[in-house]
Amino acid sequence: MTVTPRRPTEDAGQTLRVVVLGGTGFLGRPICRALADQGHAVVAVARNPKTIGPGVVVRALDLAAADVDEITAVLRDLDPDVVINAAGGMWGLSEAQMLAVNVTLVERLTEAAARLPRRARVVQIGSVHEYGLVPVDTSMSEQMTPAPVMPYGEFKLRCTAAITEADRQGRIEGVTLRVGNVIGAGQPGHSLLGVVASRLHDAQRSGERARLELAPLGSRRDFIGISDVVAAVLLAVTRPDAAGRVINIGRGVASSARDMVRLLIDVSGVPTDLVEAESTGPAETNWQRLDVGLAAEVLGWSPSDDLHTEMKQLWEHAGAEVPA
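Only a predicted model underlies this, so the values are computations on that prediction, with no experimental measurement involved.

Cut-offs used in this document
Residues numbered from 1 in each chain as written. Predicted model: local features only at pLDDT ≥ 70, side-chain atom pairs only at ≥ 80, totals over all residues. Heavy atoms only, no water. Buried < 20%, exposed > 50% of the residue type's maximum accessible area, 1.4 Å probe, protein only. Helix = DSSP H or I, 4+ residues; strand = E, 2+ residues; numbered from the N terminus. Pairing = 2+ DSSP bridges. Axes fitted to C-alpha atoms, helices over the stretch in contact; angles between N-to-C directions. Parallel < 35°, antiparallel > 145°, perpendicular 65-115°, else oblique. Contact = heavy atoms within 4.5 Å. Nonpolar A, V, L, I, M, F, W, Y, C, P; charged D, E, K, R; others polar. Expected span 1.5 Å × (residues − 1). Phe/Tyr/Trp six-rings, centres within 6.5 Å; stacked < 30°, edge-to-face > 60°. Lys NZ or Arg CZ within 6 Å of the ring centre and 35° of its normal.

Undergrad: Explanation requested: the pairing of strand 13 (residues 246-249) in the structure shown.
TA: Where a strand is regular, its side chains alternate between the two sheet faces. Side-chain alternation along strand 13 places Val246 and Asn248 on one buried face and Ile247 and Ile249 on a second face that is also buried. Relative to strand 13, strand 8 (residues 173-179) is paired through 4 bridges, and the arrangement is parallel. Looking at the pairing, Thr176 lines up with Val246 of strand 13.

Undergrad: Sorry, what's going on with the packing of helix 3 (residues 95-114) against helix 4 (residues 151-168) here?
TA: The geometry of helix 3 relative to helix 4 is characterised by a closest axis approach of 9 Å and an angle of 5° between their N-to-C directions. Between helix 3 and helix 4, the angle is such that the two are roughly parallel. Of the residues in helix 4, those touching helix 3 at Glu95, Met98, Leu99, Asn102, Val103, Val106, Glu107 and Thr110 are Pro151, Tyr152, Phe155, Lys156, Arg158, Cys159, Ala162, Ile163 and Ala166. Its residues assigned to classes, the contact of helix 3 with helix 4 comprises 11 nonpolar, 2 polar and 4 charged.

Undergrad: Explain the environment of Leu290 here, please?
TA: You can see Leu290 is positioned in the loop between strand 15 (272-276) and helix 8 (293-299). In sequence terms Leu290 and Glu142 are 148 residues apart; their C-alpha atoms lie 8.9 Å from each other. Contact partners of Leu290, with chain neighbours within four places excluded, come to Val128, Tyr131, Met140, Arg178, Val179, Gly180, Asp222, Asn248, Ile249, Gly250 and Gly252.

Undergrad: In this structure, what is going on with helix 7 (residues 257-268)? I would like to understand it.
TA: Compared with an ideal rise of 1.5 Å per residue, which puts 12 residues at 16 Å, helix 7 spans 17 Å between its outermost C-alpha atoms and is within 8% of the ideal. Of the residues making up helix 7, those classed as buried are Ala257, Met260, Val261, Leu263, Leu264, Ile265, Val267 and Ser268. Gly269 sits one or two positions beyond helix 7 and adopts a positive phi of about 75°.

Undergrad: Looking at this model, I keep getting lost on the packing of aromatic side chains. Mind explaining?
TA: Aromatic ring pairs are defined here through the distance separating the ring centres and the angle between the ring planes. Tallied over the entire structure, the rule returns 0 aromatic pairs. Its end group placed over the ring of Tyr131, Arg178 keeps NZ or CZ at 4.7 Å from the ring centre.

Undergrad: Help me understand unusual backbone geometry in this model?
TA: For residues that are not glycine, phi is negative in most cases, and the peptide bond is trans in most cases. For Asp79, which is not glycine, the phi torsion reads 50° and is therefore positive. Of note, Asp79 is situated in the loop between helix 2 (68-78) and strand 5 (82-85). On the basis of relative accessible area, Asp79 is assigned to the partly exposed category, the value being 25%. Unlike most non-glycine residues, Asp137 shows phi in positive territory, near 80°. Within the fold, Asp137 resides in the loop between strand 7 (121-127) and helix 4. A relative accessible area of 54% means that Asp137 is categorised as exposed.

In structure tokens:
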């Protein structure tokens, strides 16, 4: 079969047909909204359809269970210029579940997208955890050889490899954004900040002082606001030079988990006693900092320094979801 390229352009006035897998989730939902605000025709595909807002059509499909033929049928029906994979996850999932929603899904997605009559751009949301352990003060660049040390990182690296290989073969136009630790509204409840937000809201409702007893918080990670991630995804949709690339998306700053928890406490205004266990692990397990120079070069993207606004939105959204 001859595949005709359908290359995205930087023309802001062009309307693209964009399919967002996992479009009702933590990352997918704001991506869909931002695309719709730009005037693109957006379809969110998710297991549990939820209303996202004007300009976004929601289509039901259990992506973890769907086979290649089912995904192909959906994509052929929707005829996308771009497919964004915001599905996947790690929080609260078993290793088998992580494998299904990450690796198996991406392998089936690349095969299904390759069957389309015109080559679509596929934007994969990757993870900083693909890199594994690095010495303290190291900036992780895309030229580093990834060596993940946890199953989630390994699975995400396999996703990146599948997207990159399908692009190399000319079957899709693949872009992987290797994203840091995301902060924002809709934070998964099993994540550190999701758990902290829930406990702070419990204390606020009871009128009591909160007491947080947590694991060691000295690890330094590259935390990034969800708005910055969404902005990078939108650029990856249209920038021609992004094709075939793996691009880091982070703040390029290593901040401690303790600082993030304290920022959330400050934003909440809830009187809190913070107690953390002592760290016993080697320093190399406690460091992440992404080199984001390629994102500036290829996407024209740079991060903001404002995590306070993102944390405030996280807090307010968590409160809105708490049953009365």
